[in-house]
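One-letter residues, chain by chain:
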Number of protein chains: 2
Amino acid sequence: MNRERREHLELWEDLVRAHAAIVGRLEHEMEAEQGLPLRWYEVLLRLSRAPDGHMRMQDLAEVVLQSKSGLSRLIDRMEEAGLVSRQACPSDGRGINAAVTPAGRHRFRRAAPLHVRGIEQHFGRHLVPAQAAALRSLLSELLEIHAPAHPSEPLGGSQEHGQTA
Amino acid sequence: MNRERREHLELWEDLVRAHAAIVGRLEHEMEAEQGLPLRWYEVLLRLSRAPDGHMRMQDLAEVVLQSKSGLSRLIDRMEEAGLVSRQACPSDGRGINAAVTPAGRHRFRRAAPLHVRGIEQHFGRHLVPAQAAALRSLLSELLEIHAPAHPSEPLGGSQEHGQTA
DNA sequence: CCTGGAAAGTTGTCCTGGCAAGAACTCTCC
DNA sequence: GGAGAGTTCTTGCCAGGACAACTTTCCAGG
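Residues numbered from 1 in each chain as written. Chains lettered and ligands numbered in written order. Predicted model: local features only at pLDDT ≥ 70, side-chain atom pairs only at ≥ 80, totals over all residues. Heavy atoms only, no water.

**Brief notes about the overall build of chain A**
Item 1. When helices and strands are counted, chain A shows 6 helices and 3 strands.
Item 2. Written out in order from the N terminus, the α and β elements of chain A read α-α-β-α-α-β-β-α-α.
Item 3. Among the 165 residues that make up chain A, the fraction classed as buried is 43%.
Item 4. Taking the contacts inside chain A whose residues are at least 6 apart along the sequence as the reference set, 52% of them involve residues at least 24 apart. (Helix = DSSP H or I, 4+ residues; strand = E, 2+ residues; numbered from the N terminus. Buried < 20%, exposed > 50% of the residue type's maximum accessible area, 1.4 Å probe, protein only. Contact = heavy atoms within 4.5 Å.)

See below:
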């Protein structure tokens, strides 16, 4: 019982370290070779994926893991750089759509291969199929528990942490 | 080939999301229930583990994944809070040892169960043995590649990224 | 129609962290 | 033993991000 817990702790620690190391590399490479902060790339990626190249600020904030205010300023900077633009949302007067500009798409297309290659090289490359399968099932479990895929809980509510055991 | 890559990309995305979600919870719980930023806890943990309750600033910075300057200020704050203290390093005049104070140890002991429980609840609990094993082997591979366990490369050098494929 | 409550974004303010420069010290080699 | 190169830590400065307050808009109920 306790043995298992100890192992889980170690796994968590290692996971955090590996995550940090890989993200660090990806950030550094993206910045060095494309002059693009990883966050910017993330935004461009999400917008490029989106149906008409635009998303509501709120939704975008969620997928790129930033606060509303954080995203607002991020979009400020990217707008100034000409990579995205803000547009009023037709269906909701309060809403704003962040949209990729052509320049943004171009920038994204140039940067994408680097990111794909980086992930493969620093991560995917080391996955054997059994590990990939295990990881997939684990992550889907974890995300189901944690991620507000269907925004149902504010996540900040500390609504549980009861001694479920 | 491309199929596999696509899957690796998805796995990476999911990993990032799961990591963020779990860290978010741990941070929130630690702050809410113990009034302790997770970083502070990390420092207390490392120092409590260390032989005489102290570590060189540099080494500490590495294990808690912060820059030298970041750690310096972090220790400033914790010192002011009475949880750690700075001591001259006897063997090297340039060095500073960060040491846990008794108050720091006390605080750590009170907080540790929460952290352990949190990790088990948000992470370990969902691991079946096969996943744990797969994860362990994967992480050790990744860390061997990436982590400067033996500080040999500055990590910022972008010394490879050649198309190894 | 009007009012009150909720939601979307933006902005003021503050905190944290990184980089680069600086101060203090150590080590090597002449 | 002294000069110069390299470490270790701290500090000035700035960028990025979070929280809370605010404005505008939407919606439900009377």
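**Considerations on the confidence of the model for chain A**
Item 1. Residue-level pLDDT values for chain A average 88, and 88% of them are 70 or greater.
Item 2. This stretch, residues 149-165 of chain A, has a pLDDT under 50; its non-local contacts, to residues over four places away or in other chains, come to 18 contacts. (pLDDT = per-residue confidence, 0-100.)

**Details of the pairing of strand β3 (residues 96-100) of chain B**
All names here are of chain B.
Item 1. For β3, the tally of buried residues reaches 4 of 5 residues, placing the bulk of the element in the interior.
Item 2. Across 5 bridges, the pairing between strand β2 (residues 84-88) and β3 is antiparallel. What sits directly across from Q87, in β3, is N97. (Pairing = 2+ DSSP bridges.)

**Side note on the side chain of E120 of chain A**
Item 1. In this fold, E120 of chain A is placed in helix α5 (residues 102-122).
Item 2. Among buried Asp, Glu, Lys and Arg side chains, E120 of chain A stands out as unpaired, with R5 of chain B the closest opposite charge at 4.3 Å. (Lys, Arg positive; Asp, Glu negative; His and termini not counted. Salt bridge = Lys/Arg side-chain N within 4 Å of Asp/Glu carboxyl O.)

**A few points about the relation of the copies chain A and chain B**
Item 1. Rotating chain A by 180 degrees and translating it 0.0 Å along the rotation axis places it on chain B, where the RMSD comes to 0.1 Å. Both copies of the chain, as the preceding transformation shows, are related through a two-fold rotation axis.
Item 2. Most of the interface of chain A is mirrored in chain B, where 100% of its interface residues are also at the interface. (Least-squares fit on C-alpha atoms with pLDDT ≥ 70 in both.)

**Considering the protein's contact with DNA strand D**
Item 1. As a matter of local geometry, DNA strand D sits amid 21 residues, with R39 and S67 of chain A together with Q58, R73 and R86 of chain B nearest to it.
Item 2. Sugar and phosphate atoms constitute 65% of the interface atoms of DNA strand D, taking the interface as everything within 4 Å of the protein.
Item 3. Going through the elements one at a time, α4 (68-80) of chain A together with α3 (57-63) and α4 (68-80) of chain B are the ones with two or more residues in the surface near DNA strand D.
Item 4. Looking at the surface near DNA strand D residue by residue, the classes come out as 2 nonpolar, 9 polar and 10 charged. (Near = heavy atom within 4 Å. Nonpolar A, V, L, I, M, F, W, Y, C, P; charged D, E, K, R; others polar.)

**A word on the sheet that holds strand β1 (residues 54-56) of chain B**
Residue and element names in this part refer to chain B.
Item 1. Ordered in space as β1-β3-β2, the 3 strands form an open sheet in which the pairing is antiparallel. Two strands lie at the open edges of the sheet, namely β1 and β2, each paired on one side alone. Sheet twist, expressed as the mean angle between neighbouring strand axes with direction ignored, is 30 degrees.
Item 2. Note: β1 against β3, 3 bridges, orientation antiparallel. Each bridged residue has a counterpart across the sheet, and for H54 the counterpart in β3 is A99.
Item 3. Where α4 meets the sheet, its contacts fall on β2 and β3, and the angle it forms with β2 comes to roughly 115 degrees. (Axes fitted to C-alpha atoms, helices over the stretch in contact; angles between N-to-C directions.)

**Quick word on the sheet that holds strand β2 (residues 84-88) of chain A**
All names here are of chain A.
Item 1. Across the sheet, 3 strands lie side by side as β1-β3-β2; this open sheet has antiparallel pairing. Edge positions in the sheet fall to β1 (54-56) and β2, since each has one partner strand and no second. For this sheet, the mean inter-axis angle between neighbouring strands, taken without regard to orientation, is 30 degrees.
Item 2. Most of the contacts of α4 go to β2, to which it runs at about 115 degrees, and overall it touches β2 and β3 (96-100).

**Considering α4 of chain B**
Residues and elements named next belong to chain B.
Item 1. An ideal rise of 1.5 Å per residue puts 18 Å on 13 residues; α4 measures up with 18 Å between its terminal C-alpha atoms.
Item 2. Within α4, burial applies to L71, L74, I75 and M78. All buried residues of α4 project into a common sector of 100 degrees when viewed along the axis, lining one side. Across from the buried face of α4, at angles greater than 90 degrees, the exposed residues are R73 and E80.
Item 3. One or two positions beyond α4, positive phi appears at G82, with a value near 80 degrees. (Expected span 1.5 Å × (residues − 1). Arc of directions from axis to C-beta.)

**A word on the interface of chain A and chain B**
Item 1. The partner chain B presents 61 residues to the 61 residues of chain A that form the contact.
Item 2. Summed over both sides, the interface of chain A with chain B buries roughly 6400 Å², with 65% coming from carbon and sulfur.
Item 3. Looking at the side of chain A facing chain B, the largest losses of area belong to W12, R25 and H146 of chain A, adding up to 12% of the total buried there.
Item 4. At the boundary of chain A with chain B, the tally comes to 6 salt bridges.
Item 5. In this structure, R46 of chain A engages E13 of chain B in a salt bridge whose closest nitrogen and oxygen atoms are separated by 3.6 Å. (Buried area = accessible area lost by both parts, 1.4 Å probe.)

**Here's the deal with the protein's contact with DNA strand C**
Item 1. Lining the immediate surroundings of DNA strand C are 21 residues, of which Q58, R73 and R86 of chain A together with R39 and S67 of chain B lie closest.
Item 2. A breakdown of the atoms of DNA strand C within 4 Å of the protein gives sugar and phosphate a share of 66%.
Item 3. Here R56 of chain A contributes a side-chain N or O atom positioned 2.9 Å from a phosphate oxygen of DNA strand C.
Item 4. Within the side chain of S67 of chain B, one N or O atom sits 2.5 Å away from a phosphate oxygen of DNA strand C.
Item 5. Counting residues per element, the ones that place at least two in the surface near DNA strand C are α3 (57-63) and α4 of chain A together with α4 of chain B.
Item 6. Looking at the surface near DNA strand C, its residues break down into 2 nonpolar, 9 polar and 10 charged. (Polar contact = N/O pair within 3.5 Å; in protein donor to acceptor, adjacent residues only side chain to side chain.)

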